[in-house]
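The primary structure of each chain is shown beneath.
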Amino acid sequence: MSPLVVQKYGGSSVADAKKIKMVAARIVEKKKKGNDVVVVVSAMGKTTDCFVDLAYEVSNNPPDREMDMLMASGEQISMSVMAMAIQDMGYDAISLTGPQAEIITDTAHRRARIVDIKATRVKQELEKGRIVIVAGFQGISGKNEITTLGRGGSDTTAVALACALGADLCEIYTDVPGVFTADPRIVPNARKINEICYEEMLELASMGAKVLQTRSVELASKYGIKIMVGLAHKDVPGTIIKQEDNSMEDVLVRGIAHNFDEVKFTVRHVPDKPGVAADIFSKLADKGVNVDMIIQNIGADGFTDMSFTVSTEDLEKATALSDMIKTEVGAQDVICDEHIAKVSIVGVGMRSHTGVALIVFRTLADKNINIEMISTSEIKISVVVSDDCAEEAVKALHEAFKLGN
Ligand code: ADP
Ligand code: ASP
Ligand code: MG
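In this text, all values refer to a predicted model and were calculated from it rather than measured experimentally.

(A) Structural view of the overall build of the chain. Summing up its helical and strand segments, the chain has eleven helices and 20 strands in all. The C-alpha radius of gyration of the chain comes to 23 Å, within 12% of the 22 Å expected for a compact globule of 405 residues. Viewed in the frame of its principal axes, the chain has a C-alpha envelope of about 75 × 45 × 35 Å. Across the 405 residues of the chain, 50% fall into the buried class. Across the chain, every contact between residues at least 6 apart in sequence was considered, and the portion connecting residues at least 24 apart equals 75%. When the accessible surface of the chain is summed, it comes to about 18600 Å², and 50% of that surface belongs to carbon and sulfur atoms. Where the 45 positive side-chain charges of the chain centre and where its 57 negative ones centre are 5 Å apart.

Written out as structure tokens, the structure reads:
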């Protein structure tokens, strides 16, 4: 049996015909070395963003099912064009959609989770000696509907296929040569991390580091699959994401993530009595709105204020609930602040070192940046700040923890 390679190429790496031909050449190189090759591709360039814009040009409230039908078509373009480019080089290749690769998901349109991958057809095509190109980001639900896996979901398709096919490594190729100590677009002297454990990568991804979709890291961790993140168009060593080892706790802060895609709601002047929080958050949960951070102020005169953040994607749903929350829990007002950002520092070293929070607070205070909310976990500290100082906060913290080159 030949060794199996599972690769994924992101949208910027397949953005035009020239880039597709370059990637095709890299894929063929792997095949020539005697490997079985499965490749997951994202939609070309900004295709998915354009589809979303298009949908909102024709509808104020595009239905999730139709959004999935539209968005899934992007990956179908890149998969077929990639297969053509490979065939043109004299190698046998075939493209398969998510449903053809039997990527079975739940029924949650736009944020579906993979529940099973049979990949029978993928295996059959590999046995015929073909290079298999699979459309990322899409699957088919038990109700025979096309679903998508949430933005950035091709990473998850790739890791899930690696699991299903028994590969122990999944190669994710993108426009940066690895996972950095902060987004290199914001911090020019950010450093490439050679190795990072699942737990840290999971926190960075869920706190906004878009280089990997959170779910892909969850899956890799669950099934013990290593991920390599590297540059699509050049052979340079990337970042390996793997099980934690002893040396990893020596590093206090591994990286910093930021997220502009959250909004803050403040429920003003609610009665300070048992059951109010349960009332508010059950209404949000019933509508499928995920709440991230929550703070409640100290009450006075039997009333209190409560703030929480939700993803920008849920802004409309949460706004629609505001009036109901106001009347049903007897709040004076519900205010929405869209101009916030969350900045998080992450590192397993925080488990065994103290004083990290103090450095964060001092650094931001020295820059005159006001902290609006704070949340912590064993290996993470997140703060919400005004969006116009988020970049400065990331840079200052990066400097304070000496993460740069
Ligand atoms: P792809 O289209 O290949 O999936 P993405 O745009 O989803 O690529 O992810 C790559 C981008 O992630 C980079 O261009 C970079 O700006 C951003 N990014 C954010 N945080 C980090 C980080 N810590 N390390 C590397 N890249 C990051
Ligand atoms: N094309 C999809 C998106 O832009 C999936 C992906 O790129 O991973 O979110
Ligand atoms: Mg991506």
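(B) Geometry of the site of ligand 2. Neighbouring ligand 2 are the residues Ser42, Ala43, Thr48, Glu75, Phe137, Arg151, Gly152, Gly153 and Ser154. Between Gly152 and ligand 2, the recorded distance is 2.9 Å, taken from a backbone N or O atom to an oxygen atom. Within the backbone of Ser154, an N or O atom sits 3.0 Å from an oxygen atom of ligand 2. For the shell around ligand 2, the per-class residue count stands at two nonpolar, five polar and two charged.

(C) Local environment of unusual backbone geometry. In this model, Glu102 sits at a positive phi of 55°, which is unusual for a non-glycine residue. The topology assignment puts Glu102 in the loop between β3 (93-96) and β4 (103-105).

(D) Region of interest: the sheet that holds strand β10 (residues 195-197). Taken in spatial order, the eight strands make up an open sheet running β3-β6-β2-β1-β9-β11-β12-β10, and their pairing is mixed. With partners counted over all chains shown, the strands left at the sheet margins are β3 and β10, one partner each. Along the sheet, successive strands turn relative to each other by an average axial angle of 20°, direction set aside. As paired elements, strand β2 (residues 36-41) and strand β6 (residues 131-135) share four bridges and run parallel to each other. Paired with Val41 across the strands is Ala135, a residue of β6.

(E) Fine view of the nonpolar core. Formed by 44 residues in total, the largest nonpolar core has its most connected members in Val38, Val122, Val134, Met201 and Ile241. With six residues, the top contributor of residues to this core is helix α5 (residues 154-165). Ile241 has contacts with Val179, Ile196, Cys197, Tyr198, Met201, Leu212, Ile225, Lys226, Ile227 and Val229, leaving out every residue within four places of it along the chain. The next biggest cluster of nonpolar side chains, apart from the first, holds 26 residues, and it includes Ile256, Val356, Val385 and Val394.

(F) The sheet that holds strand β7 (residues 138-141), seen in detail. Strand order in the open sheet made by the four strands is β5-β4-β7-β8, with mixed pairing throughout. At either margin of the open sheet sits one strand with a lone partner, and together these are β5 (114-117) and β8 (146-148). Pairs of neighbouring strands in the sheet enclose a mean axial angle of 45°, with direction left out of account. Relative to β5, β4 runs antiparallel, the two sharing three bridges. Bridging from a neighbouring strand, Ile103 pairs with Ile117 of β5. Contacts from helix α3 (residues 64-88) reach β7 and β8 within the one sheet, and its direction differs from that of β8 by about 75°. Across the sheet, α5 is in contact with β4, β5 and β7; its angle to β5 comes to roughly 40°.

Cut-offs applied
- Within every chain, residues take consecutive numbers counted from 1 along the sequence as written.
- All chains are assigned letters beginning with A, and all ligands numbers beginning with 1, in the order in which they are written.
- Per-residue local features are limited, in this predicted model, to residues with pLDDT of at least 70; the limit for side-chain atom pairs, both in listing and counting, is 80 or more; totals at the level of whole chains, interfaces and linings are taken over all residues.
- Values shown for side chains rest on all heavy atoms present in the structure; no hydrogens or waters enter the calculation.
- For helices the rule is a DSSP run of H or I covering at least 4 residues; for strands it is a run of E covering at least 2, with both sets numbered from the N terminus onward.
- In this description the radius of gyration comes from C-alpha coordinates, and the expected globular size is given by 2.2 Å times residues to the power 0.38.
- Only protein chains enter the accessibility calculation, which uses a 1.4 Å probe; a residue whose area is less than 20% of its type maximum is buried, one above 50% is exposed, and one in between is partly exposed.
- Pairs of residues are marked as contacts when any of their non-hydrogen atoms sit within 4.5 Å.
- For the area figures, the Shrake-Rupley method with a 1.4 Å probe applies, and any residue is considered shielded solely by the protein chains shown.
- The convention is simple: Lys and Arg are positive, Asp and Glu are negative, and His and the chain ends are not counted.
- Lysine's charge is taken at NZ, arginine's at CZ, aspartate's at CG and glutamate's at CD.
- In this text, near means that some heavy atom of the residue lies within 4 Å of the molecule or strand in question.
- Residues adjacent in sequence count toward polar contacts only when both atoms are side-chain atoms; beyond that, a polar contact is any pair of N or O atoms within 3.5 Å, and within protein one must be able to donate a hydrogen and the other to accept it.
- For this classification, the nonpolar set comprises Ala, Val, Leu, Ile, Met, Phe, Trp, Tyr, Cys and Pro, the charged set comprises Asp, Glu, Lys and Arg, and every other residue, Gly included, is treated as polar.
- A pair of strands is considered paired only if DSSP assigns at least 2 bridges between the two.
- Here an axis means a line fitted to C-alpha atoms, over the contact stretch when the element is a helix, while the angle between two N-to-C directions is reported on a 0 to 180 degree scale.
- Buried Ala, Val, Leu, Ile, Met, Phe, Trp, Tyr and Cys residues that are joined via side-chain atoms within 4.5 Å together make up what is termed a nonpolar core.

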